[in-house]
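# Observations on chain architecture
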Amino acid sequence: MLLQLPTYGVFADLPGGILWTVLALAVLTAGFRGAPIWLWTAGIAAGMWTLGAPTWTWFAVVPPLAILAVPPIRRAVLTNRIFAFINSAQLFPVISETERVAIEAGNVWVDGELFSGKPNVRHLSNTPYPELTEEEQAFLDGPVAKVCEMTVEWDVHQQRDLPPEVWQFLKDEGFFGMIIPKRFGGLGFSANAHSAVVHALASRSLPLAITVMVPNSLGPAELLVHGGTQQQKDYYLPRLARGEELPCFALTEPNAGSDAGAIQANGVVFEDEDGNVKIRLNWNKRYITLAAISTLLGLAFKLEDPDEILGRGKKPGITCALVPTSLPGVDITRRHDPLGIPFYNCPTTGTNVEVSIDDVIGGEQGVGHGWRMLMECLAAGRGISLPATSTGGAKMVARTVGAYAAVRKQFGLSIGKFEGIEEPLARIAGFTYLMEGARRYIVGGLDAGSKPPVVTAMAKYQFTELYRQIINDGMDVCGGAAISRGPNNLLSTGYTGAPISITVEGANILTRTLMVFGQGAIRCHPYAFREIEAAAKGDRVAFDHAFWGHIGHVVRNGFRSVLLSLTRGRLATSPVGGPAAPYWRRLAWASASFALFADLAMAGLGGNLKRKEKITGRYADVFAWMLLATTTLRRFAADGCRKEDIPLMQWACEHAFAQMQIGFQGLLQNLRMPGAFLLRGPVRLWSRLNPIGAAPSDWLGGKVARTLLEPGAQRDALTAGCHVPQDASVGLGRLERAFQLCTEAEPIQKKIKDAVRAKTISKGSPARMVEQAREKGVISESEVAVLKTAEAARDEAIQVDSFTLDEYRTREASSEEATVSST
């Protein structure tokens with residue numbers, strides 16, 4: 001017998017089955033909790049003693065464990081050989097300098113928790129969820145609301161520009177200086193307020209939102225705040241805050257889009273006749289928002305110093321400088337036409353433009369640091385601008401489409417009562433709830449000091465894709481009313497402009513396949529980057545700590561993934577009770593499985609992983625939906641766990657876990673590496689039989705859809721911050737009025753239907769039944785008036801815009817003339 005039970009001590013009288021059970025539970029607990037190697041060693045030794053293991057097994061088991069537990073011995077016996085093999089086989093990916101800067105930009109935040117396989121759910125659930133200050137709320141209620149009323153989307157499209165009075169109002173009220181500190185004359189708003197303003201503007205007018213968004217995102221103001229010299233800040237920031245300078249930032253080029261590091265714009269250092277150090281710039285940029293009307297151009301370029309005047313080598317690298325557009329050689333006279341959306345988006349060229357070395361952002365000390373500046377700013381900025389625009393647009397669609405589905409009737413019923421319409425309405429409502437939670441969660445992290453590039457990249461990608469789904473669903477529900485352009489069409493601009501958000505600040509395909517997991521796997525993993533750095537530097541001690549820490553990490557996540565899968569997450573803890581608790585537990589399960597599969601791919605594919613973009617895209621999907629599930633649960637808690645929010649929270653979480661399941665299934669089917677047959681076979685089968693999530697049920701979707709079909713506090717909370725115009729004669733104001741009146745008329749309509757069923761009155765045309773009901777005393781004269789008012793409003797609200805032939809020709813001619821004039 002290999003192992004004999006002892007015949008001494010407290011164990012002598014215990015049945016063998018109990019001992020084996022205790023030892024098995026001890027092993028599972030140690031693995032699940034990630035016990036250190038010394039504890040494994042001590043535990044196994046104690047187990048062997050308890051079971052009376054033969055002497056020879058002690059020599060077979062304990063010395064290897066002791067080697068692993070003692071770092072100096074471990075390095076001499078194992079680590080040095082592993083280190084040499086990895087370097088000779090080049091298993092680690094080669095990281096370029098631009099990649100290194102991008103990876104090191106910002107910091108790791110909740111993404112590190114989700115990547116760990118053992119997230120601290122209490123920390124995730126307590127992340128700051130910010131509120132606006134009184135001053136910020138007053139700005140939203142005052143200037144923001146006013147400029148929304150001043151801006152009519154249809155008129156903006158006809159004139160191909162914002163009205164002059166709107167431009168002046170934006171300057172006077174400080175809209176272009178939201179991120180500039182108060183000491184320089186700006187508003188000094190938080191990321192939360194910045195996001196709230198942009199999202200409110202986006203619910204009214206896309207060109208208006210973009211015009212305000214751009215000066216407050218990546219550009220001269222932000223770069224100066226974080227990296228400018230004091231002299232630059234003192235001069236430019238007050239002028240930018242007052243709107244005396246209108247900025248743009250030029251990065252993208254014909255041959256440098258997503259690969260921004262490949263820019264060809266160049267600057268050459270030289271000394272003029274007076275001995276002043278200057279830079280001669282040449283560039284050809286495109287897609288630069290506000291360029292044609294800018295007075296100050298922020299420029300990213302590669303600096304060369306052939307005479308080494310600056311003493312930083314011949315090629316100091318990517319640098320950012322401030323270029324007044326009035327300088328000779330600057331050309332900002334042309335304009336793109338991005339899908340007909342009338343905001344300024346332009347090409348710009350520069351030919352032998354001369355600037356001082358003092359115009360480099362940060363002065364001479366900023367030379368060669370442009371790429372790092374850009375990555376640091378984007379690490380935060382991606383989490384504000386486009387997520388805010390997408391959320392504002394989503395709320396407008398939710399409010400519009402819900403009202404339209406309630407008002408519009410077919411076959412004698414509001415179309416919102418048809419299950420075919422319920423389905424897209426549920427997506428619109430569920431995604432809108434999810435997006436607002438994620439928006440607030442992420443800006444809360446930014447305001448707390450985090451700059452998490454992986455999180456903000458996930459936000460940019462997911463928000464813009466979700467908005468694209470929302471606007472497509474809205475178009476489907478509204479049908480002909482959505483495709484007939486005019487002052488009453490509330491969806492056509494958002495539908496047309498959706499691809500713009502998909503494209504900018506890193507195209508979504510690139511963001512998903514390269515940035516989220518490509519960088520996340522290195523940046524967010526607790527050991528991967530440390531291993532790569534140690535190997536590159538030849539630091540065997542650091543490599544030893546990172547490598548064996550990584551091995552323990554994999555072992556722990558293997559235990560956690562299996563045990564959480566077997567128990568459907570029930571072994572995990574939840575920071576809360578109630579309806580949200582099961583989702584927190586499933587999140588821990590998802591994190592463990594994700595972390596394990598990520599390590600399997602990194603080990604099996606090595607440096608080739610970043611070229612397997614279909615695989616990294618699926619990892620990115622799982623990663624991003626874990627984040628969105630987290631932010632949804634945090635919103636539910638922050639809102640007070642309201643009973644009426646439970647369906648929205650559940651729908652959003654169920655959808656998130658269903659998307660994770662799709663990602664996991666895709667990985668199990670398509671990973672090609674040693675041992676992958678196990679993933680494609682038994683593991684994939686088990687995953688299908690025991691999925692981490694499934695699509696929300698039809699019943700749940702119906703409850704969520706109804707939040708858009710009933711006016712009241714729930715609908716208002718879901719679309720809070722969406723601008724609802726005061727004018728009830730056109731657009732959303734007209735639709736809201738009809739929605740309210742039709743809702744008030746529903747109890748009266750029910751009386752008539754009940755009377756028909758009771759055969760008190762006969763079935764006929766709506767007008768005839770109303771008259772019969774009045775004559776029979778079923779409804780009163782005042783109720784007849786309510787019905788007539790509601791019907792008139794409903795009939796008006798479902799009308800679509802049309803034009804006489806002369807009006808149409810005049811409109812098109814005016815639009816073309818405005819376009820030519822603006823270019």
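Further up the page is the structure itself.
Residues numbered from 1 in each chain as written. Predicted model: local features only at pLDDT ≥ 70, side-chain atom pairs only at ≥ 80, totals over all residues. Heavy atoms only, no water.

### Here's the deal with the overall build of the protein
The number of helices and strands found in the protein is 33 helices and 9 strands. The C-alpha atoms of the protein give a radius of gyration of 31 Å, which matches the 28 Å a tight globule of 823 residues would have. Projected onto the principal axes, the alpha-carbon positions of the protein cover approximately 100 × 95 × 45 Å. The 823 residues of the protein split such that 54% are buried. The long-range share in the protein, meaning contacts at least 24 apart out of those at least 6 apart in sequence, stands at 76%. Where the 82 positive side-chain charges of the protein centre and where its 80 negative ones centre are 10 Å apart. (Helix = DSSP H or I, 4+ residues; strand = E, 2+ residues; numbered from the N terminus. Rg over C-alpha atoms; globule rule 2.2 N^0.38 Å. Buried < 20%, exposed > 50% of the residue type's maximum accessible area, 1.4 Å probe, protein only. Contact = heavy atoms within 4.5 Å. Lys, Arg positive; Asp, Glu negative; His and termini not counted. Charge placed at Lys NZ, Arg CZ, Asp CG, Glu CD.)

### Here's the deal with the state of the cysteines
The tally for this structure, following the rule as stated, stands at 0 disulfides. With no disulfide partner, Cys377 has as its closest neighbouring cysteine sulfur the one in Cys320, 8.5 Å distant. In this structure Cys377 comes out as buried when scored by relative accessible area, which is 4%. (Disulfide = S-S within 2.5 Å.)

### What to know about a nonpolar patch on the surface
Side chains of Val562, Leu566, Leu685, Trp686 and Leu689 sit close together on the surface and give an oily, nonpolar patch of about 540 Å² of accessible area. Put simply, the parts of the chain that give the nonpolar patch at least two residues each are helix H23 (540-566) and helix H27 (676-689). Turning to its location among the elements, Val562 is positioned in helix H23. (Patch = residues over 30% accessible without salt bridge, like charges linked within 9 Å, V, L, I, M, F, W, Y side chains within 5 Å. Areas by Shrake-Rupley, 256 points an atom, 1.4 Å probe, with all protein chains shown as cover. Salt bridge = Lys/Arg side-chain N within 4 Å of Asp/Glu carboxyl O.)

### Details of the pairing of strand S7 (residues 345-356)
Sheet analysis places strand S3 (residues 277-289) next to S7, joined by 9 bridges and oriented antiparallel. Paired with Lys285 across the two strands is Thr348, which belongs to S7. Summarising the sheet, strand S6 (residues 330-331) and S7 pair through 2 bridges and their orientation is antiparallel. Paired with Val330 across the two strands is Gly350, which belongs to S7. (Pairing = 2+ DSSP bridges.)

### Concerning the pattern of salt bridges
A complete count under the given rule lists 34 salt bridges for this structure. Of the charged contacts, one joins Glu104 and Arg372 as a salt bridge, the two residues approaching to 3.9 Å between their closest N and O atoms. Note that Glu104 is positioned in helix H5 (residues 97-104) and Arg372 in helix H15 (residues 370-381), a separation of 268 residues in sequence. Of the residues examined, Arg372 reaches a relative accessible area of 33% and is grouped as partly exposed. The closest approach of N and O atoms between Arg512 and Asp621, which form a salt bridge, is 2.8 Å. You can see Arg512 sitting in helix H21 (residues 508-523) and its partner Asp621 sitting in helix H25 (residues 613-638), a full 109 residues away along the chain.

### A short note on the packing of H21 against H25
Packed helix pairs are specified by the crossing angle of their axes together with the interaxial distance, meaning the distance between the axes. Running from N to C, H21 and H25 point in directions that differ by 65°, and their axes come no closer than 8 Å. Handedness of the H21/H25 crossing: left-handed. Residues Arg512, Thr513, Leu514, Val516 and Phe517 of H21 touch H25, and the partners they reach there are Glu613, Thr616, Gly617, Arg618, Tyr619, Ala620, Asp621 and Phe623. Considering only residue class, the contact of H21 with H25 consists of 6 nonpolar, 3 polar and 4 charged. (Axes fitted to C-alpha atoms, helices over the stretch in contact; angles between N-to-C directions. Left-handed = near helix turned anticlockwise from the far one by under 90°. Nonpolar A, V, L, I, M, F, W, Y, C, P; charged D, E, K, R; others polar.)

### Things to note about the side chain of Glu245
Here Glu245 lies in the loop between helix H14 (230-242) and strand S1 (247-250). Owing to a relative accessible area of 9%, Glu245 belongs among the buried residues under this scheme. Within the structure, Glu245 has its side chain in polar contact with the side chain of Arg239 (distance 3.0 Å). The contacts of Glu245, once residues within four sequence positions are left out, are Tyr236, Arg239, Leu240, Thr295 and Leu296. (Polar contact = N/O pair within 3.5 Å; in protein donor to acceptor, adjacent residues only side chain to side chain.)

### Observations regarding the packing of H23 against helix H24 (residues 581-605)
One can describe the packing of H23 onto H24 by two numbers: an axis separation of 8 Å at closest approach and a directional angle of 135°. As the angle between them shows, H23 and H24 are arranged oblique. The interaxial crossing formed by H23 with H24 has left-handed handedness. Seen from H23, the contacting residues are His550, His553, Val554, Asn557, Gly558, Arg560, Ser561, Leu564 and Ser565; seen from H24, they are Ala588, Trp589, Ala592, Ser593, Ala595, Leu596 and Asp599. A breakdown of the residues in the contact of H23 with H24 according to their chemical character gives 7 nonpolar, 7 polar and 2 charged. (Parallel < 35°, antiparallel > 145°, perpendicular 65-115°, else oblique.)

### Considerations on the packing of aromatic side chains
As enumerated under the stated definition, the model contains 22 aromatic pairs in all. Look at Phe517 and Tyr619: their rings are 4.4 Å apart centre to centre, the planes differ by 10°, and that puts the pair in the stacked class. Of this pair, Phe517 sits in helix H21 while Tyr619 sits in helix H25, and the two are 102 residues apart along the sequence. The burial state of Phe517 is the same as that of Tyr619; both residues are buried. Between Tyr583 and Phe657 the ring centres are 6.3 Å apart and the planes differ by 20°, which places this aromatic pair in the stacked class. Here Tyr583 is found in helix H24, whereas its partner Phe657 is found in helix H26 (residues 646-670), with 74 residues between them in sequence. For Tyr583, a relative accessible area of 6% translates into the label buried. Residue placement shows Arg280 over the ring face of Phe270; its charged tip is 4.1 Å from the ring centre. The ring of Phe32 has Arg560 sitting right over it, with the charged end atom 4.6 Å from the ring centre. (Phe/Tyr/Trp six-rings, centres within 6.5 Å; stacked < 30°, edge-to-face > 60°. Lys NZ or Arg CZ within 6 Å of the ring centre and 35° of its normal.)

### Focus on the side chain of Asn690
In this fold, Asn690 is placed in the loop between H27 and helix H28 (698-709). Given a relative accessible area of 10%, Asn690 falls into the buried group.

### Some words on the nonpolar core
Core analysis: the biggest nonpolar cluster contains 132 residues, and Tyr619, Phe623 and Met660 have the highest contact counts within it. The dominant element in this core, judged by the number of residues it contributes, is helix H17 (residues 419-447), at 14 residues. In contact with Tyr619, not counting residues within four places along its chain, are Phe517, Phe594, Phe597, Ala598, Ala601, Leu667 and Leu671. Counting residues in each nonpolar core, the second largest holds 62 residues, with Leu162, Val198, Ala209 and Ile332 among its members. (Core = buried A, V, L, I, M, F, W, Y, C linked by side-chain atoms within 4.5 Å.)

### Re the pairing of strand S4 (residues 296-304)
When you tally the buried positions in S4, you get 7 out of 9 residues, the bulk of the element. In terms of strand pairing, strand S2 (residues 266-271) meets S4 through 3 bridges, oriented parallel. Paired with Asn266 across the bridge in S4 is Lys302. Pairing between S4 and strand S5 (residues 317-324): 8 bridges, direction antiparallel. Following the sheet pairing, Leu296 is matched in S5 by Pro324.

### Overview of empty space enclosed by the protein
Under the defined criterion, the tally for this structure stands at 3 cavities of 30 Å³ or more. Mapped by element, the contributors of at least two residues to the lining of the largest cavity are helix H16 (385-407), helix H19 (480-483) and helix H30 (731-757). Counting residues per element, the lining of the largest cavity draws most heavily on H30, at 3 residues. Of the residues contributing to the lining of the largest cavity, the split by class is 10 nonpolar, 6 polar and 2 charged. (1 Å grid on protein atoms, 1.4 Å probe; cavity = no way out; pocket = protein on both sides within 12 Å on 5 of 7 lines; lining within 4 Å. Points joined across faces, edges and corners; volume = space filled by probe spheres on them.)

### Quick look at unusual backbone geometry
Of note, Tyr287 is a non-glycine position whose phi angle comes to about 65°, a positive value. On the secondary structure map, Tyr287 appears in strand S3. Of the residues examined, Tyr287 reaches a relative accessible area of 47% and is grouped as partly exposed. With phi around 75°, Leu290 is a residue other than glycine that occupies positive phi space. Mapped onto the elements of the fold, Leu290 is located in the loop between S3 and S4. Given a relative accessible area of 1%, Leu290 falls into the buried group.

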